Amino acid sequence: MPRRRWHCAHLYWYYWAMVGRKEKGPSPFRAAAGKGLPATYQTRILDFAGMDRTAGDKYLSAYAGLYCRVQRRLFADVAAGRSAVSLKQDYLRHYRIPARMFNGVRVSLEGKVASVREQQLLRRDELQRRISRAQVQIAEAGEEGRRDWLHQKRRRLGNLKGNLEGLESDIQAGRIRLCFGSRKLWRKQYNLEANGYPGHEDWLRDWRSARSDEFFVLGSRDETGGCQLCVATVPEDGSLTLRLRLPDALAGGHGKHLVIPGIRFKYGYEQVLAALESNAEYGAFRRQYGELAARHSGLGQAISYRFKRDARGWRVFATTSLAGAPVVTDNARGAIGVDLNADHLAVSESDGDGNPVNSFSVPLVTYGKSRHQAEALIGDAVVGIVAHAREVGKPIVLEKLDFRQKKAVLEGESPRYSRMLSSFSYAKVQACFLSRGIRQGVEVHQVNPAFSSVIGRVKFMERYGLSVHQAAALTLARRFLGCSEGIPLQRVCPVGNGVRVAFSVPARKRVKHVWTLWGCVLEQLRPALAAQRRLGKRRRGPNPVRAPA
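Figured I'd write up the structure that's included with this text. Please read these numbers as outputs of a predicted model, since none were measured by experiment.

Notes on the packing of aromatic side chains
- This model, assessed by the stated rule, comprises 12 aromatic pairs.
- Measuring from ring centre to ring centre gives 4.2 Å for Tyr63 and Phe215, while their planes differ by 35 degrees; the resulting arrangement is tilted. Remark: Phe215 occurs in strand 2 (residues 214–217) and Tyr63 occurs in helix 3 (residues 53–79); sequence separation between them is 152 residues.
- Residue Tyr63 is classed as buried on the basis of its relative accessible area, which comes to 1%.
- Ring-pair connections join several aromatic residues into one group, and the members of that group are Tyr63, Tyr67, Phe215, Phe307 and Trp314.

Here we look at helix 15 (residues 452–464)
- At Val458, helix 15 shows its maximal kink, close to 40 degrees.
- For helix 15, the set of buried residues is Ser452, Val454, Ile455, Gly456, Arg457, Val458, Lys459, Phe460 and Met461.
- Gly465 sits one or two positions beyond helix 15 and adopts a positive phi of about 70 degrees.

Side note on the side chain of Ser108
- Residue placement: Ser108 occurs in helix 5 (residues 99–144).
- Residues in contact with Ser108, not counting those within four places in the same chain, are Tyr67, Gln71, Phe216 and Arg306.

Observations concerning the pairing of strand 6 (residues 304–310)
- Here four bridges tie strand 2 to strand 6, and the two strands are oriented antiparallel to one another. Its bridge partner being in strand 6, Phe215 is matched across the sheet by Phe307.
- In terms of strand pairing, strand 6 meets strand 7 (residues 313–322) through seven bridges, oriented antiparallel. Bridge pairing links Asp310 to Gly313 in strand 7.
- The turn joining strand 6 and strand 7, which pair antiparallel and follow one another in sequence, is formed by two residues.

The rules behind these values
- Residues numbered from 1 in each chain as written.
- Predicted model: local features only at pLDDT ≥ 70, side-chain atom pairs only at ≥ 80, totals over all residues.
- Heavy atoms only, no water.
- Phe/Tyr/Trp six-rings, centres within 6.5 Å; stacked < 30°, edge-to-face > 60°.
- Helix = DSSP H or I, 4+ residues; strand = E, 2+ residues; numbered from the N terminus.
- Buried < 20%, exposed > 50% of the residue type's maximum accessible area, 1.4 Å probe, protein only.
- Bend = angle between axes of the 7 residues up to and from the residue.
- Contact = heavy atoms within 4.5 Å.
- Pairing = 2+ DSSP bridges.

The values reported here are purely geometric and, on their own, carry no functional implication.
What follows is the structure, given as structure tokens:
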């Protein structure tokens, strides 16, 4: 094949491998925007109609106690091999609950079981990575003659293998270990004094309260107000009034309904009102044109409610589908690449041809922060980037990373670096970008970040005056646009402190991908980068904060 024809064929294959692959399946943005992004809003319950707050809280606690008792019994029956669907009529008669309440119990339990099954697979993968890491460390300790360290690593390897064997047994047998009330609180009974309990009765009171502190009300768009058992109405004052249907087992003293007025959501109140309005339109459309036409009308939204008790009382969570805003971004204008690091987000904007037009960094340090503080910092960082993307009309490109492998090999790194990387949540950043992007009509895509750092360092860092992370972000944006990643003719790479290292490229073969050559370049640059890192460590002093490679 002539060289020019082979080159065109290679570019065609490269385009479909890196860009055309998006046609094989929907992107996370397209999938979430197509079916509606679930959004949850919460507020605190402060008042009840016809009774004081203490009496109303007791009714909610009684509802939660019955709900959780049914859920625990259903979990035991399903674990024994019985079908939840076949048990429905027996549960309705025995516990005197409505059918929709049983459906809510079943759906909530199925979600918990599915979460445990997924966690088992993730835990098995993590244990396998840790075992491989421990075996490598044992071999290194044997070569160095460190007998004390070798003994401890062998003990750790034995514990990891024992945990993996037990987990494999649970997965093969389909065994689900689910503790209602949390394992942490369950273990506190074995050391009461250290955990602040004068006696076992005090712990038992907290245990029973923790096992019955919430209940879930399942919604459907075919029902009044999007939920049959908890109907929301809008009175003249503009707030929401919830009418909770009590099961027959609890309706003797108060009646069939518990009315909760004055519900106001600080955030998302407009979305909840829009869902209620859509449900009203769905009902009118169904009465006029029939059930079949209404189902294909696109009207109506299910609204599910979760009631949760904490130290201050009860809260209510409303969950509905968030309609995505019209997409305002276009790939022809370019893309905005975002490189995620443990202490900042590096952002690089390119035009339609892949040329950089803007670069900046957004500080994001979650080390030492609580969960809520970290979520607030992530939200603030994402809001600014998405607002800029909406202003320029360009999609956002993230790197598709898996930090489980990084966290599995943290042993042996500096303690401060390990804690900082462990505190970084890539999943939260990704979810925040996706949620904010759908709200603002900004597309969010993911690409494979393979060799993005070395490509950015070699091709773009010195050429455009970017940091290594901003250059990597530019590589992500160009990769999404389908730009070339060929190795430049000038085979020199800056490694820091004004040092530049020359590298060579092996003879190219037609069957090899360009990433194979970039892998060879990275192997040649790795010793120089490590030396510069050690030099910077000595200059900064002890306990440096290093960013992940």
